[in-house]
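Summary of structural features
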Amino acid sequence: MFESNILSLSIWVPVAAGILVLAVGSDQRAGLTRWLALLGSIAGFLVTLPLYTRFDKADGGFQFQEGYNWIPSFNIHYHLGVDGIAVPLILLTSFTTLIVVLAGWEVIQKRVAQYMAAFLIMSGLMIGVFSALDGILFYVFWESMLIPMFLVIGIWGGPNRVYATIKFFLYTLLGSLLMLVAFIYLFHQSNSFEIVDYYMLPLPLSVQLFIFFAFFMAFAVKIPMWPVHTWLPDAHVEAPTGGSVVLAAIMLKLGAYGFLRYAMPIAPDAAHYLATPMIALSLIAVVYIAFVALAQQDMKKLIAYSSISHMGFVTLGMFIFNPLGMEGGIVQMISHGFISGAMFLCVGVLYDRMHSRQIADYGGVVNTMPVFTAFAVLFAMANAGLPGTSGFVGEFLIILGAIQENFWYAFLAATTLILGAAYTLWMVKRVFFGAVGNSHVAELQDLSKREFLILGVLALMVLGFGLYPQPITELTHATVGQLLSHLAQSKIPG
Amino acid sequence: MNNAITYDLITALPEIFVLCMAMVVLLADLFLTQRNRFIAYILTQLTLLGAAFITVSTHIPAVGYAFNGMFVDDPLSDVLKLMIYLGTSMVLVYSRTYIALRGMYRGEFFALVLFAMLGMMIMVSGQHFLTLYMGLELLSLCLYSLVALDRDNARATEAAMKYFVLGALASGMLLYGMSMLYGATGALEISQVSAALFNGVGDRSVLILGLVFVVAGLAFKLGAVPFQMWLPDVYHGAPTAVTLLVGSVPKFAAFAFVIRLLIQGLQVMTVDWQGMLIIMAVLSISIGNITAIAQTNLKRMLAYSAISHIGFLLFGFLSGSMNGYISSMFYVSAYVLMTLGGFGMILLLSRKGFEAENLDDLKGLNQRSPWYAFLMLLLMFSMAGVPPTLGFYAKFTVLQAALQAGFVSLVIFAVLMAAVGAFYYLRVVKLMYFDEPQDMEPIAPSPDMALVLGVNGLAVLVLGLMPQRLMELCAYAVAHSLQ
């Protein structure tokens, strides 16, 4: 039974754990609540592991499929399945949830049960997004994960949290509703909500453009691409550390995943037709947003803009339609998940002690927190794309892919190696090095064991995938090949 | 002959039973003291149970006409009646404590509710202009008096007056339209009107004029823009227990009313009423959603939200297909369930001398009671149409019906407006979860209310995860009744 239901377990174990935490936990029994949440997230992580160990790397199609009739009136199925693109993202999700539960251990003191439950439930829903093979099932997961995130930012966030969380919700909702219209349209064309049927459905270019645009609205907001990115800095700044980590590490990837799973294969001709504008938007994100990051005073905002810039790399890799770019994009997604998560955790470590995110409030942290600074500098280097860290692999592959397509794409993309280094290292210099900035910095305590554990694991991941990225590329290779050959075929009838 | 009479009586047995029981409640109440008033309550609930039993046991999956074709018993009417009983029963459970604390716990309340319900049942089963009109008036008159039941309350009296004047005007329009149709086709019975139109009988300009008046009257009763003016004032002014009734169950009757008149009676003129419904739907969705944003009173906010929901409901009708009518029925069922929960929550938070009707009264509900905050969260997200709640499938079904009928730009407009509407539902969630409570008065509902409200709230989630049964039920009811 467990053999064939790995995906269902991956989705529902964390959700069930979340409900249990909600039912049993309370602020009076905070300790029990935390341990329960930790057990839940460990269980959630363990059930996703077989997806990696039992995955057939030679097969580029969907594996671990499960299908049941769900709503026969509209031919909607509970159909799950994963390919080489989804598996690493699912593992990233369950891993990140574990990290987030640990990161909120002492920091969250009010409404602990609701906090932990929100992240556990969100984890299950996001895994659902990655594994749904039915349009409506996907849409249900996609939208419902907004609810816990809305609450997380709104309840545990900073001073301007209400504005940020409502902006986040409405932006994403507006984009997704157009996607729903596209799904319904496709349903009336094919009498099915199965994604695989959509892949086979011939569509004229005008219709493909409409569908691509509808999906674009949903996914571009999520990634986020320039110019619909403005919700992200607000959401990141106001969100609690855990919320920022999940946003940066996973939610942004959902948009990119959506392009790979929906927008591009369903409307391949439109994707080719619009490749140049998409690349242009990506490059604007890479270059322009990097300059914006350079000007930030707030550490979280800086990392948020840096995320947008890095995600621009991912979309660039996808829309140059070659294996290097696409595989690079996927590696970049995973690596960015670890790095941005780690960076936000680092800011969280400082914020918990000083209650400030302003770069100007710090200075010379290395004098009081040497161990922490070592980690922070490592992650900063990785963010700047230093060879030997996972940040380098993805960017390098994408630049290699881009150069095959057009020299100037590659040139503009490569400027990020300079700009990224500039804004990251300048922040590191101002926050960590130099003389002790003020009396508060002088009283800082170095990492606790829990923080050391979290950052240590992430550092291993960043270095590990930097030196040996094969586990990811092996997983994705066959799928990317299959996807590209599908994209190369026109779906225009006649 | 005798057989025909017996058949007629059996067909209308639920109505006859409810009528008798309403009178029994009225009479029995004369002999009850305030201390054992609960007997009237129990009797009313038993009436609903008995009516449900009769409706189920006389149910056949076919269409049966009675009283010379003035009255119909089809799956649609049976299913709608069952939903009406259930809804009314929930209304009674939610209102009991509230009316007891405000001196309205009297036999009249229960008798009026039963008579109003009888009116709805006649509307649902009416197959003749006059039967339909009679049902509508019975319902409306009971609602007018219910709104004014708290007679020392100036606001409620004003609301009742507005409701009555505007409602009478609407009834007049409806009746005038019906007379036009009668003049043109020479028939009052729905099926005969339909047949006459099908054969091309009647002067077209008279028919159109009649249709306009009928649609205007219907729109008034539904509360669709531009005939929505009474709705916020009545919702706001009426005692919340009555608002709960006005805002919820009669929507089933209104749905049936539209089906009987426009779809069964005037199907030939689909193109003509389609245009009117499109305009009303677009206006209702936009004005309802945009105006709701500016409200500070929860009851008024829900009133404007009701207007926008009516707009979505019209989407199913204006598709002009079986798929669309089924979707509308699904929408109305979902909507009534959500409205019951929403107003039930206001009743839950109200106490003696305190009406929890301002948005600010919801502040910090999560700290006062996480459970009820969670239920309200579900209800709000459901009204906003966010999965995995029932409200999502409600919007999904009507939108797919409209898209199937080819109204692409209308659908896109509707989803944009749905995103606008999400804002004020989110604000409710924001107040409950992100703000500090203003008063820490414990929430202590009666056990029956706690149970029903819990089931109501969770039903929105459970039916959202498994909507198939409800969809099948609506499809069964509509498809077996319309040929």
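Since we're looking at a predicted model, the values are computed, not measured. (Residues numbered from 1 in each chain as written. Chains lettered and ligands numbered in written order. Predicted model: local features only at pLDDT ≥ 70, side-chain atom pairs only at ≥ 80, totals over all residues.)

Once that is clear, we can look at the overall build of chain A. On a plain count of helices and strands, chain A comes out with 22 helices and two strands. For chain A, the C-alpha atoms occupy an extent of roughly 75 × 55 × 40 Å along the three principal directions. (Helix = DSSP H or I, 4+ residues; strand = E, 2+ residues; numbered from the N terminus.)

The helix and strand tally for chain B stands at 21 helices and two strands. Here chain B has a C-alpha radius of gyration of 21 Å; the compact-globule value for 483 residues is 23 Å, and the two agree. For chain B, the spread of C-alpha atoms along the principal axes amounts to about 70 × 60 × 40 Å. Look at the contacts in chain B between residues 6 or more apart in sequence, and 79% of them connect residues 24 or more apart. (Rg over C-alpha atoms; globule rule 2.2 N^0.38 Å. Contact = placed C-beta atoms within 7 Å.)

Quick look at the interface of chain B and chain A now. Taken residue by residue, the interface counts 24 residues in chain B and 26 residues in chain A. Taken together, the elements giving at least two residues each to the side of chain B that touches chain A come down to helix H18 (390–404), helix H19 (408–434) and helix H21 (468–479) of chain B.

On to the pairing of strand E1 (residues 63–71) of chain A. Residues and elements named next belong to chain A. Two strands pair when backbone bridges link them, and E1 and strand E2 (residues 76–82) are joined in this way by six bridges, in the antiparallel orientation. Looking at E2, one finds that Tyr 68 is bridged to Tyr 78. Counted along the chain from E1 to the antiparallel partner E2, the turn is four residues long, and its residue Asn 75 has a positive phi close to 55°. (Pairing = 2+ DSSP bridges.)

Further remarks concern H18(B). Residues and elements named next belong to chain B. In a regular helix each residue adds 1.5 Å, so 15 residues correspond to 21 Å; H18 covers 21 Å between its end C-alpha atoms and thus fits that length. Summarising burial for H18: 14 of the 15 residues are buried, a large majority. In the stretch just after H18, Gly 406 is the one whose phi turns positive, near 95°. (Expected span 1.5 Å × (residues − 1). Buried ≥ 20, exposed ≤ 12 C-beta atoms within 10 Å, placed from the backbone.)

Before going further, it helps to examine helix H2 (residues 13–30) of chain B. For H2(B), spanning 18 residues, the distance from its first C-alpha to its last is 26 Å, which sits close to the expected 26 Å at 1.5 Å a residue. On its buried side, H2(B) packs onto helix H3 (38–57), helix H4 (75–101) and helix H5 (107–125) of chain B.

Another point: the packing of helix H13 (residues 270–293) of chain B against H19(B). Residue and element names in this part refer to chain B. Relative to each other, H13 and H19 sit at 20°, their axes nearing to 8 Å. With respect to H19, the element H13 is oriented roughly parallel. The way H13 lies across H19 gives a crossing that is left-handed. Residues Ile 278, Val 282, Ile 285, Ser 286, Asn 289, Ile 290, Ala 292 and Ile 293 of H13 form the contact with H19, whose own contacting residues are Leu 410, Phe 413, Ala 414, Met 417, Val 420, Gly 421, Phe 423 and Tyr 424. Tallied by class, the residues present in the contact of H13 with H19 amount to 13 nonpolar, three polar and no charged. (Axes fitted to C-alpha atoms, helices over the stretch in contact; angles between N-to-C directions. Parallel < 35°, antiparallel > 145°, perpendicular 65-115°, else oblique. Left-handed = near helix turned anticlockwise from the far one by under 90°. Nonpolar A, V, L, I, M, F, W, Y, C, P; charged D, E, K, R; others polar.)

The peptide bond linking Ile223(A) to Pro224(A) adopts the cis configuration, its omega dihedral lying at -15°. Its place among the elements puts Pro224(A) in the loop between helix H9 (205–222) and helix H10 (231–238). A cis amide bond, omega 5°, links Val225(B) with the succeeding residue Pro226(B). Relative to the assigned elements, Pro226(B) resides in the loop between helix H9 (204–222) and helix H10 (230–237). Even without being glycine, Asn75(A) reaches a positive phi, approximately 55°. Of note, His355(A) is a non-glycine position whose phi angle comes to about 55°, a positive value. Summarising the element assignment, His355(A) is placed in the loop between helix H15 (323–354) and helix H16 (365–368). Taking the number of C-beta atoms within 10 Å as the measure of exposure, His355(A) has 9 and is therefore exposed.

All names here are of chain B. Mapped onto the elements, Leu 379 comes out in helix H17 (residues 370–384). Assessed through the 28 C-beta atoms surrounding it within 10 Å, Leu 379 is described here as buried. Sequence spacing of Leu 379 and Leu 211 is 168 residues, and the spatial spacing of their C-alpha atoms is 36 Å. What Leu 379 contacts, discounting residues up to four positions off in sequence, is Met 338, Gly 341, Gly 342, Met 345, Gly 457 and Val 460.

All names here are of chain A. You can see Arg 357 is positioned in the loop between H15 and H16. In this structure Arg 357 comes out as buried when scored by C-beta crowding, with 20 C-beta atoms within 10 Å. As for Arg 357 and Val 237, which are separated by 120 residues in sequence, their C-alpha atoms are 8.8 Å apart. When near neighbours in sequence (up to four residues on either side) are disregarded, Arg 357 contacts Asp 298, Met 299, Lys 300, Val 347 and Tyr 351.

All names here are of chain A. Contact geometry of helix H11 (residues 241–266) with H15 gives a least axis separation of 8 Å together with a crossing angle of 160°. Relative to H15, the element H11 lies roughly antiparallel. For the pair H11 and H15, the sense of crossing is right-handed. Every residue of H15 that contacts H11 at Thr 241, Ser 244, Val 245, Ala 248, Ala 249, Ile 250, Lys 253 and Ala 256 is listed here: Met 333, Gly 337, Ser 340, Gly 341, Phe 344, Leu 345 and Gly 348. Per-class residue counts for the contact of H11 with H15 are eight nonpolar, six polar and one charged.

All names here are of chain B. Along the polypeptide, Leu 80 turns up in helix H4. Between the C-alpha atom of Leu 80 and that of Gly 385, which follows or precedes it by 305 residues, the distance is 23 Å. Those residues in contact with Leu 80 that lie beyond four places of it in its chain are Val 124, Phe 252 and Ala 256.

Attention now goes to the confidence of the model for chain A. This prediction gives chain A a mean pLDDT of 86; 99% of its residues lie at or above 70. The least confident element of chain A, judged by mean pLDDT, is helix H20 (residues 439–442) of chain A at 76; the most confident is helix H5 (residues 135–144) of chain A at 92. (pLDDT = per-residue confidence, 0-100.)

Fine structural detail should not be taken from predicted coordinates in areas where pLDDT scores are low. For chain B, per-residue confidence averages 89 on the pLDDT scale, and 99% of positions sit at 70 or higher. The secondary-structure element of chain B with the lowest mean pLDDT is helix H1 (residues 2–11) of chain B, recorded at 81, while helix H6 (residues 129–147) of chain B shows the highest, at 93.

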